[in-house]
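# Residue-level structure breakdown
Chain residues, written in single-letter form:
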Amino acid sequence: MIAWTRQVPEAITRCELTHLEREPINLARARVEHGLYEAALASCGVDIRHLPPRDDLPDSVFVEDTAVVLDEVAVLTRPGAASRRDEVPSVRDALAAHRALRSIEGPGTLDGGDVLVLERDIVVGLTPRTNLTGIRQLREHLAPFGYTVTPVPVRGCLHLKSAATRAGPRLVVVNPSWVDPAAFPGWETVPVDPREPFAANVLWLGGSMIVAESFARTNGMLSRVTESRLVPVPASELAKAEGGVTCCSIVLRDS
Ligand code: GLY
């Protein structure tokens, strides 16, 4: 597997915020944590590739939002926050060698953080970042490859993947206050510990799963129900920017 990442930009202190109050972000610490995240990915056998730094784009470390990459095709997004749209061209350049490319066009908007791929069923959060036009375009791009695309309402958090992510071959970890677990039919769901509302964002890689180390209760629960090795990483600085462990990479199978 390959993971594309991008360094934490100097402008991170001006990042978009939707549900959190602004808190000071320590750039040096954020970069150390990001380096440990990359090291964790590498320890899972993932080959890290770096996108060009964009110190001027406050949310450019959150590369997940710029593309939805499947084995057959990659869909470049049109992020819902206008401040984030300049992040996409360099991702297009990077992915062009790996996948056939499609794009979401205006007035459609789509953030990759809203797109949860569950084998051939793709669930997409309907949020202030992702609209129905964007979801319809995604469906049209992916239907030829046999994917279904289903919108689901999300409340109280930035993206669908703040509320639910894949945590095993047939398992989804969910914050039921933010998304209805019934949105994932045919999948087992495990709820986060209610004291850890942000713990539903995990990066499942098959044999391993990257998790934020601060969610000890939910991670303990996950470790009892998954066969994957949990790889905890410090992620507190970028959490202040409403970022989680899925947000900081675009992971694809090398082909
Ligand atoms: N700060 C992450 C985002 O709003 O996209």
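Please refer to the structure higher up on the page.
Residues numbered from 1 in each chain as written. Predicted model: local features only at pLDDT ≥ 70, side-chain atom pairs only at ≥ 80, totals over all residues. Heavy atoms only, no water.

### Examining the site of the ligand
Close contacts around the ligand come from Glu 16, Asp 59, Phe 62, Arg 84, Arg 129, Leu 158 and Ala 241, and that covers them all. The backbone of Glu 16 places a nitrogen or oxygen atom 2.8 Å from a nitrogen atom of the ligand. Within the side chain of Arg 129, one N or O atom sits 2.6 Å away from an oxygen atom of the ligand. Split by residue class, the shell around the ligand holds 3 nonpolar, no polar and 4 charged. (Near = heavy atom within 4 Å. Polar contact = N/O pair within 3.5 Å; in protein donor to acceptor, adjacent residues only side chain to side chain. Nonpolar A, V, L, I, M, F, W, Y, C, P; charged D, E, K, R; others polar.)

### What about the sheet that holds strand 4 (residues 73-76)?
If you trace the 3 strands from one edge of the open sheet to the other, you get 3-4-5, paired in mixed fashion. In the strand order of this sheet, the two ends are held by strand 3 (67-69) and strand 5 (100-103), each with one partner. Across the sheet, the mean angle from the axis of one strand to that of its neighbour is 20°, orientation sign disregarded. Note that strand 3 and strand 4 share 3 bridges and pair antiparallel. For Val 69, the partnering residue across the bridge sits in strand 4 and is Ala 74. In this fold helix 2 (residues 88-95) packs onto strand 3, strand 4 and strand 5, with an angle of close to 170° to the strand it touches most, strand 4. Its contacts with the sheet place helix 3 (residues 132-142) against strand 4 and strand 5, and it is angled at close to 160° to strand 4. (Pairing = 2+ DSSP bridges. Helix = DSSP H or I, 4+ residues; strand = E, 2+ residues; numbered from the N terminus. Axes fitted to C-alpha atoms, helices over the stretch in contact; angles between N-to-C directions. Contact = heavy atoms within 4.5 Å.)

### Brief notes about the state of the cysteines
Per the stated rule, a full pass over the model turns up 0 disulfides. No disulfide involves Cys 157; its nearest neighbouring cysteine sulfur is the one of Cys 247, lying 11 Å away. Take Cys 247: it sits in no disulfide, and the sulfur closest to it among the cysteines is that of Cys 248, at 6.0 Å. (Disulfide = S-S within 2.5 Å.)

### Observations regarding the environment of Glu 213
Topologically, Glu 213 is positioned in the loop between strand 13 (208-212) and helix 5 (216-225). The spacing of Glu 213 and Pro 128 is 85 residues in sequence and 28 Å in space, taken between C-alpha atoms.

### With respect to the sheet that holds strand 2 (residues 47-50)
A sheet is described by the order of its strands in space; here 3 strands give the open sequence 2-1-15, paired in mixed fashion. Both edges of this open sheet fall to strand 2 and strand 15 (250-252), since each of them pairs with a single strand only. For this sheet the average axis-to-axis angle between neighbouring strands, irrespective of direction, equals 25°. Bridge count for strand 1 (residues 2-5) against strand 15 is 3 bridges, and the pairing is antiparallel. Looking across to strand 15, one finds that Ala 3 is bridged to Val 251. Running over the sheet, helix 1 (residues 27-43) touches strand 1 and strand 2 and is turned about 140° from strand 2.

### Details of the pattern of salt bridges
Throughout the structure, instances matching the rule amount to 14 salt bridges. The partner of Glu 237 in a salt bridge is Arg 29, and the shortest N-O contact between them spans 3.1 Å. With Glu 237 in helix 6 (residues 236-239) and Arg 29 in helix 1, this pair connects stretches of sequence that are 208 residues apart. One continuous salt-bridge network, built from bridges that share partners, spans Arg 29, Glu 237 and Lys 240. (Salt bridge = Lys/Arg side-chain N within 4 Å of Asp/Glu carboxyl O.)

### Focus on the nonpolar core
Grouped together as the largest cluster of nonpolar side chains are 23 residues, with contacts concentrated most on Ile 12, Tyr 37, Leu 41, Phe 62, Ile 210 and Leu 238. Elements supplying a minimum of two residues to this core: helix 1 and strand 14 (229-233). No other element matches the 4 residues that helix 1 contributes to this core. Residues contacting Tyr 37, with those up to four places away along its chain left out, are Leu 203, Ile 210, Val 233, Val 245, Thr 246, Cys 248 and Ser 249. Core analysis: the next-biggest nonpolar cluster, separate from the first, contains 16 residues, Val 123, Trp 178, Val 179 and Ala 183 among them. (Core = buried A, V, L, I, M, F, W, Y, C linked by side-chain atoms within 4.5 Å. Buried < 20%, exposed > 50% of the residue type's maximum accessible area, 1.4 Å probe, protein only.)

### Remarks on helix 5
Every buried residue belonging to helix 5 is among Thr 218, Asn 219, Gly 220 and Leu 222, and all of these are buried. In this structure, the buried residues of helix 5 make contact with strand 9 (164-168), strand 10 (171-174), strand 11 (188-191), strand 13 and strand 14.

### So, the environment of Arg 29
Arg 29 sits in the partly exposed class, given a relative accessible area of 43%. Taking C-alpha positions, Arg 29 is 9.4 Å from Leu 238, a pair spaced 209 residues apart along the chain. Here Glu 237 takes part through its side chain, which lies 3.1 Å from a polar atom of the side chain of Arg 29.

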